[in-house]
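Given next are the chains, with one letter for each unit.
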Amino acid sequence: MPTPRRTKNDHLLYADVVDSKQKAGVWMGERDAFQAKQAEILEAVKDKADWVPVENAIMVVSTEPAGITIIAPNPTLPGMIVLADGGSPEASAQLQATGEELVRQVMAERGIVEEEAA
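Throughout what follows, the structure given in this document is the object of discussion. (Residues numbered from 1 in each chain as written. Predicted model: local features only at pLDDT ≥ 70, side-chain atom pairs only at ≥ 80, totals over all residues. Heavy atoms only, no water.)

A short note on the overall build of the protein chain
Item 1. In terms of regular secondary structure, the protein chain is built from 3 helices and 4 strands.
Item 2. Mapped in sequence order, the helices and strands of the protein chain form the string α-α-β-β-β-β-α.
Item 3. Going through the 118 residues of the protein chain one by one, you find that 26% of them count as buried.
Item 4. A separation of at least 24 residues holds for 37% of the contacts in the protein chain among residues at least 6 apart in sequence.
Item 5. Per element, the accessible surface of the protein chain, about 8600 Å² overall, is 57% carbon and sulfur. (Helix = DSSP H or I, 4+ residues; strand = E, 2+ residues; numbered from the N terminus. Buried < 20%, exposed > 50% of the residue type's maximum accessible area, 1.4 Å probe, protein only. Contact = heavy atoms within 4.5 Å. Areas by Shrake-Rupley, 256 points an atom, 1.4 Å probe, with all protein chains shown as cover.)

A short note on the pattern of salt bridges
Item 1. Overall, the coordinates contain 6 salt bridges when judged by the stated rule.
Item 2. Taking the shortest distance from any N to any O, the salt bridge between E114 and R104 comes out at 2.9 Å. Taken together, the residues span a long stretch of sequence, with E114 in the segment after α3 (89–109) and R104 in helix α3 at a distance of 10 residues.
Item 3. In this structure E114 comes out as partly exposed when scored by relative accessible area, which is 47%.
Item 4. On the basis of relative accessible area, R104 is assigned to the partly exposed category, the value being 37%.
Item 5. In this structure, R110 engages E109 in a salt bridge whose closest nitrogen and oxygen atoms are separated by 3.6 Å.
Item 6. According to the relative accessible area criterion, R110 is partly exposed, its value standing at 35%.
Item 7. Judged by its relative accessible area of 44%, E109 is partly exposed. (Salt bridge = Lys/Arg side-chain N within 4 Å of Asp/Glu carboxyl O.)

A closer look at the sheet that holds strand β3 (residues 66–73)
Item 1. Spatially, the 4 strands line up as an open sheet ordered β1-β2-β3-β4, and their pairing is antiparallel. Of all strands in the sheet, those with a lone pairing partner are β1 (51–54) and β4 (80–86), marking the two edges. Sheet twist, expressed as the average angle between the axes of neighbouring strands with direction ignored, equals 20 degrees.
Item 2. When strand β2 (residues 57–63) meets β3, the two strands line up antiparallel, connected through 6 bridges. Pairing of S62 across the sheet is with G67, part of β3.
Item 3. On top of the sheet, α3 reaches β2, β3 and β4; it is set at about 150 degrees to β4, its chief contact. (Pairing = 2+ DSSP bridges. Axes fitted to C-alpha atoms, helices over the stretch in contact; angles between N-to-C directions.)

Remarks on the side chain of S62
Item 1. Mapped onto the fold, S62 is located in strand β2.
Item 2. One polar contact links the side chain of S62 to the main-chain amide nitrogen of E64, over a distance of 3.3 Å.
Item 3. A distance of 2.7 Å separates a polar atom in the side chain of S62 from the backbone oxygen of P65.
Item 4. Residues within four places of S62 in sequence aside, it is in contact with G67 and L95. (Polar contact = N/O pair within 3.5 Å; in protein donor to acceptor, adjacent residues only side chain to side chain.)

A look at the nonpolar core
Item 1. Within the largest apolar cluster, 15 residues are counted, with the highest numbers of intra-cluster contacts made by I41, V45, I58, I71, M80 and V103.
Item 2. Only α2 (21–46), β2, β4 and α3 provide two or more residues apiece to this core.
Item 3. Residues contacting V45, with those up to four places away along its chain left out, are I58, I71, L102, V103 and V106. (Core = buried A, V, L, I, M, F, W, Y, C linked by side-chain atoms within 4.5 Å.)

Laid out in structure tokens, this is it:
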């Protein structure tokens with residue numbers, strides 16, 4: 001059963017950190033699980049795309065349409081970030097859609113379920 005947050009009048013960041021210790025412990029445990037899935041997704045995407053290394057991410061290089069797509073684990077949430085840039089807005093949109101579909105395909109192959117964004 002959820003408990004109401006305590007009323008505080010000091011508005012200090014420190015007070016929030018102290019109150020969040022129990023939640024942080026649970027979140028960190030969950031974080032290990034989703035970070036392992038993020039790493040698994042990146043490794044599998046590498047097998048399906050031409051890419052170059054970027055620290056903690058990969059950059060997919062495309063010639064049709066011309067452009068790049070960066071695929072990286074979201075550093076704080078259980079998801080992947082896909083950023084694309086092409087020679088035109090249409091090319092960028094196509095690269096973005098292709099990158100997102102590639103991540104979804106790899107997730108499906110590995111049984112990693114996509115969840116609704118909050």
